[in-house]
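A closer look at the structure
Listed below are the residues making up each chain.
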Amino acid sequence: MRISIIYFNFPFWRAEVSRIALHIGKIKYDDIRVDRDEFMRARSSGKLDNGTIIPFHQLPCLIVDDESIGQTAGIARYCGKLSGLYPTDANLLAAKIDQYIDLMTDITVLTFNAGRDLKPKEKIIKRKEFFDQEFTRKFRMLEEHISNNGKTIITKNFNISDIALWSFVNWITSGTIDGFPKNILKKYPKIQKVFKYVNELPEIKNWVKNNY
Ligand SMILES: N[C@@H](CCC(=O)N[C@@H](CS)C(=O)NCC(=O)O)C(=O)O
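**A short note on the environment of Ile191**
Within the secondary structure layout, Ile191 lies in helix α7 (residues 189-199). Classification of Ile191 as buried rests on a relative accessible area of 0%. For the pair formed by Ile191 and Phe139, sequence separation is 52 residues and the distance between their alpha carbons is 9.3 Å. When near neighbours in sequence (up to four residues on either side) are disregarded, Ile191 contacts Phe139, Leu142, Glu143, Ile146, Leu165, Val169 and Leu185.

Structural data, given as structure tokens:
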């Protein structure tokens, strides 16, 4: 079986969760990175320049043999199953994991859309307001529902949602999102602990060393 993950050449969580799951699971795959120009062509045609189909004209995209699969969460589940980081026979645990990945997807979409069509001055006001209100409301809910074990989102179970959260936190604390302060984690001790636990894993350190 030949696996590829297609995304841009940067470590955004939508692709990182699957790239890192496969890395941890020692599953061989092609880590294909496309530039913006090629993506813009694929966005309009639904195909990469070499003819690879990109369903829904969005990235990330997973290729298994000659089948193309879109959507971050579905790709992450597939890669998680191959890597032992997502259950294949525990439906309730699977649903618990899914809810966190889907929440991160919701917050991501809200973040990209906040103030999107406004002029720069109004945009920054809107984005600060978004951070203070809707983002904080959702992020608090995430904090509230994380386990108290100081390591993982779900008690006794390291899985793709922990990798997604680690990468998601890297993004929101990167200082690159308009209207977001850098010290976001201060008020979120449980999220901080999950981040720290994942950040210290040897496989993650190794990934960071080789890719960032
Ligand atoms: N629902 C999709 C959204 C993916 C998405 O929006 N990807 C961006 C790049 S990070 C993209 O392809 N945007 C172009 C578009 O939506 O047309 C997912 O969760 O994977």
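Don't stop here, the text continues.
**Quick word on the environment of Trp13**
Within the fold, Trp13 resides in helix α1 (residues 13-24). Under the relative-accessibility criterion, Trp13 is labelled buried at 0%. In this structure Trp13 touches Thr72, Ile101, Met104, Thr105, Thr108, Ala164, Ser167, Phe168 and Trp171, once residues within four positions along its chain are discounted. A polar side-chain atom of Trp13 sits 2.9 Å from a polar atom in the side chain of Thr108.

**Details of the pattern of salt bridges**
This structure, assessed with the given rule, holds 9 salt bridges. Of the charged contacts, one joins Asp49 and Arg41 as a salt bridge, the two residues approaching to 2.6 Å between their closest N and O atoms. Classification of Arg41 as partly exposed rests on a relative accessible area of 42%. Note that Lys126 and Glu129 form a salt bridge whose closest N and O atoms lie 3.6 Å from each other. Placement of the pair is Lys126 and Glu129 together in helix α5 (residues 120-145), with a separation of 3 residues, close to one helical turn. Looking at Glu129, the relative accessible area reads 34%, which means it is partly exposed.

**Here's the deal with the nonpolar core**
Core analysis: the biggest nonpolar cluster contains 67 residues, and Phe139 and Leu165 have the highest contact counts within it. A total of 9 residues in this core trace back to one element, the largest contributor, which is helix α6 (residues 160-172). Apart from residues no more than four positions distant in its own chain, Leu165 is found in contact with Met104, Leu142, Ile146, Ile153, Ile191 and Val194.

**Focus on the pairing of strand β2 (residues 30-34)**
Of the strand pairs in this sheet, strand β1 (residues 3-8) and β2 are connected by 5 bridges, and their pairing is parallel. Residue pairing across strands places Ile5 opposite Asp31, the latter belonging to β2. Handedness of the crossover joining β1 and β2 through α1: right-handed.

**Concerning the sheet that holds strand β3 (residues 61-64)**
Overall, mixed pairing links the 4 strands, which are arranged β2-β1-β3-β4 in an open sheet. Of all the strands in the sheet, just β2 and β4 (67-70) have a single pairing partner and so form its edges. Strand-to-strand twist in this sheet, taken as the mean axis angle between neighbours without regard to direction, amounts to 25 degrees. Bridge count for β1 against β3 is 4 bridges, and the pairing is antiparallel.

**Overview of the site of the ligand**
In the neighbourhood of the ligand, the contacting residues comprise Tyr7, Phe8, Arg14, Phe39, Arg43, Gln58, Leu59, Pro60, Gln71 and Thr72. Within the backbone of Leu59, a nitrogen or oxygen atom sits 2.7 Å from a nitrogen atom of the ligand. Between the ligand and Thr72, the relevant distance is 2.7 Å, taken from an oxygen atom to a side-chain nitrogen or oxygen of the residue. Protein contacts shield 76% of the accessible area of the ligand, which totals 500 Å² for the unbound molecule. Elements supplying a minimum of two residues to the shell around the ligand: β1 and α2 (36-45). The residue makeup of the shell around the ligand, split by class, is 5 nonpolar, 3 polar and 2 charged.

**Here we look at the packing of aromatic side chains**
Scanning the model with the defined rule gives 20 aromatic pairs in all. Ring centres of Phe8 and Phe10 lie 5.3 Å apart, and the angle between their planes is 10 degrees; this geometry places the pair in the stacked category. A network of ring pairs unites the aromatic residues Phe12, Trp13, Phe112, Phe130, Phe131, Phe135, Phe139, Phe168, Trp171, Phe180 and Tyr188 as a single cluster.

Cut-offs and rules
Residues numbered from 1 in each chain as written. Predicted model: local features only at pLDDT ≥ 70, side-chain atom pairs only at ≥ 80, totals over all residues. Heavy atoms only, no water. Helix = DSSP H or I, 4+ residues; strand = E, 2+ residues; numbered from the N terminus. Buried < 20%, exposed > 50% of the residue type's maximum accessible area, 1.4 Å probe, protein only. Contact = heavy atoms within 4.5 Å. Polar contact = N/O pair within 3.5 Å; in protein donor to acceptor, adjacent residues only side chain to side chain. Salt bridge = Lys/Arg side-chain N within 4 Å of Asp/Glu carboxyl O. Core = buried A, V, L, I, M, F, W, Y, C linked by side-chain atoms within 4.5 Å. Pairing = 2+ DSSP bridges. Right-handed = clockwise from strand over helix to strand, strands pointing away. Axes fitted to C-alpha atoms, helices over the stretch in contact; angles between N-to-C directions. Near = heavy atom within 4 Å. Areas by Shrake-Rupley, 256 points an atom, 1.4 Å probe, with all protein chains shown as cover. Nonpolar A, V, L, I, M, F, W, Y, C, P; charged D, E, K, R; others polar. Phe/Tyr/Trp six-rings, centres within 6.5 Å; stacked < 30°, edge-to-face > 60°.

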